[in-house]
Amino acid sequence: MKKIAFIINYDYRKWMGGINVIKNLVDSLKLLSTEYDVVLVVKKNLSNDEKSYLKNYNLLETDFFSNRSFAFKLLNKLLVIFFGKSFIYDNFFKRNNINIVSHINIFNYNLFFGRKSIVKSFSFVTDLQHIYFKKNFSFNKRFMRNLNIHLCSLFSTKIILSGKTSLLDIKKVSKLAFRNSYINRFVFKNQDLEKTVKFEELKMKYNLGKNFFYLPNQYWIHKNHYTVLRALILYKKKFNDDILIVSSGSRNDYRNAEYFDDLMKFIEDKNIKKNYLYLGLIPGEDVMALMRHSIALINPSKFEGRSSTVEQGISFGKKIILSDIPIHKEQNPKRAIYFEADNAEMLSEILKKTNDSFNVLDEENFIKPAYEENEIRLKNYINDYINMIEN
């Protein structure tokens, strides 16, 4: 039995989309294959919250990849560059019987192990927004992102991308990276409907007084929350009506520390507090339940590598209101409604039509066929992943 390791040498709470992809992949591998032992390599002395979040996973607790000195990192990079592998890394993998290292987060604490290493290594490029939204990244950040892509194209077995859109983008950075990339489109496994949190429980827990739209994006500047807020203002003015948009996700954007506070002040100033409810970081089971019981999902983002919101919504057969960016169209959910990313007027009209046509019983009827189709999509995703790591 081969052992696959996922190295979590970063604060996963700042990258919930990525850690959810990894957890879903691990769960799906357990469900659909008996050929692999899977381990998450994490730091020692996890907090109680971290232990709780990862309690269902096989953990290898070590500081081998955490808080290492610059000299240690540089030495291993030089070994890989000049010898094709690091003897230090390889000894660690040999001691722990690791054969494959998957989904290495190359934009945070990048690691590469060399083509001559005893392990196969797969770097994960989530998106390449830095080549389009340069103002969101310092020159040094953009330089390091591009350098890491070049290094991974030389010293990783493959670079994992989540869509054709990213493949076209990575070609603009490195033709070698383009040739050494593999598209593995993640699909989220179905939730147990019997265990989904009931609507009445959600209403009590989060003080939800009515039906709601759900926007589960992190509060990062490219996620484009302002367009949704402006659409809310137009909605109230044009239709003399109230709707509720519920939101969750991390409030921290290292590129723009004021973004969340500025949004909250905008909500206060424009008198839409009763129409927009921010819940913070909430348990995964509540996220999925909010998706299921919402009128529709909203993702107004100006850039995505592949949207987890879309994939999770597809599994429920949900109506999803999406910005018309290329990856959203590539994902192509059956019940998508697209709007121009900066067009609040267009979005307000869509919210009105969607709210007026919402019927709870109709929504429940979409779940079973969506689940059946998603089972097939999930098997194809896992088979494709296995094909990638084995060939």
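Structure's up top.
Here, residues in each chain are numbered from 1, in the same order as that chain's written sequence. Since the coordinates come from a predicted model, pLDDT governs what is reported: local features require at least 70, and pairs of side-chain atoms require 80 or more to be given and counted, while whole-chain, interface and lining totals use all residues. Side-chain calculation: all heavy atoms of the structure are included, whereas hydrogens and water are not.

Overview of empty space enclosed by the protein
Using a grid of 1 Å spacing that covers the protein atoms alone, one calls a set of points a cavity when a 1.4 Å probe fits there but cannot get out, and a pocket when the set is open and has protein on both sides within 12 Å along at least five of seven lines; lining residues are those with an atom within 4 Å of a point. Grid points are joined across faces, edges and corners, and a volume is the space filled by probe spheres set on the points. Applying the stated criterion across every chain, the model contains one cavity of 30 Å³ or more. In this structure, the largest cavity encloses a volume near 30 Å³. Contributing to the lining of the largest cavity are Arg 292, Phe 316, Lys 318, Glu 363, Glu 364 and Ile 367. Note on residue categories: nonpolar means Ala, Val, Leu, Ile, Met, Phe, Trp, Tyr, Cys or Pro, charged means Asp, Glu, Lys or Arg, and polar means any other residue, Gly included. In the lining of the largest cavity, the residues fall into two nonpolar, no polar and four charged.

Concerning the pairing of strand E5 (residues 120-124)
Burial analysis of E5 places four of its five residues in the buried class, the great majority of the element. For two strands to be treated as a pair, DSSP must find no fewer than two bridges joining them. Numbering of helices and strands runs from the N terminus; a helix is a DSSP stretch of H or I covering at least four residues, while a strand is a stretch of E covering at least two. The pairing of strand E4 (residues 100-105) with E5 spans four bridges and is classified as parallel. Residue Val 101 lies in a different strand from E5, and its bridge partner there is Ser 121. One ladder, built from three bridges, connects E5 with strand E6 (residues 158-161); its direction is parallel. Summary of the burial criterion: residues with accessible area below 20% of their type's maximum are buried, those above 50% are exposed, and those between are partly exposed, where the area comes from a 1.4 Å probe applied to protein chains only.

Concerning a nonpolar patch on the surface
Judged by side-chain polarity, Phe 70, Leu 74, Leu 78, Ile 81, Phe 82, Phe 83 and Phe 87 come together as a nonpolar surface patch covering roughly 750 Å² of accessible area. When residues in the nonpolar patch are grouped by element, the largest group, six residues, is from helix H3 (residues 70-83). Considering the arrangement of structural elements, one finds Phe 87 in helix H4 (residues 87-95). In this structure Phe 87 comes out as partly exposed when scored by relative accessible area, which is 41%. Any residue with relative accessible area above 30% and no salt bridge may belong to a patch, with like charges joined within 9 Å and the nonpolar Val, Leu, Ile, Met, Phe, Trp and Tyr side chains within 5 Å. Each accessible area value is a Shrake-Rupley result obtained with a 1.4 Å probe; residue values ignore everything except the protein chains displayed when judging cover. We define a salt bridge as a side-chain nitrogen of Lys or Arg found within 4 Å of a carboxyl oxygen belonging to Asp or Glu.

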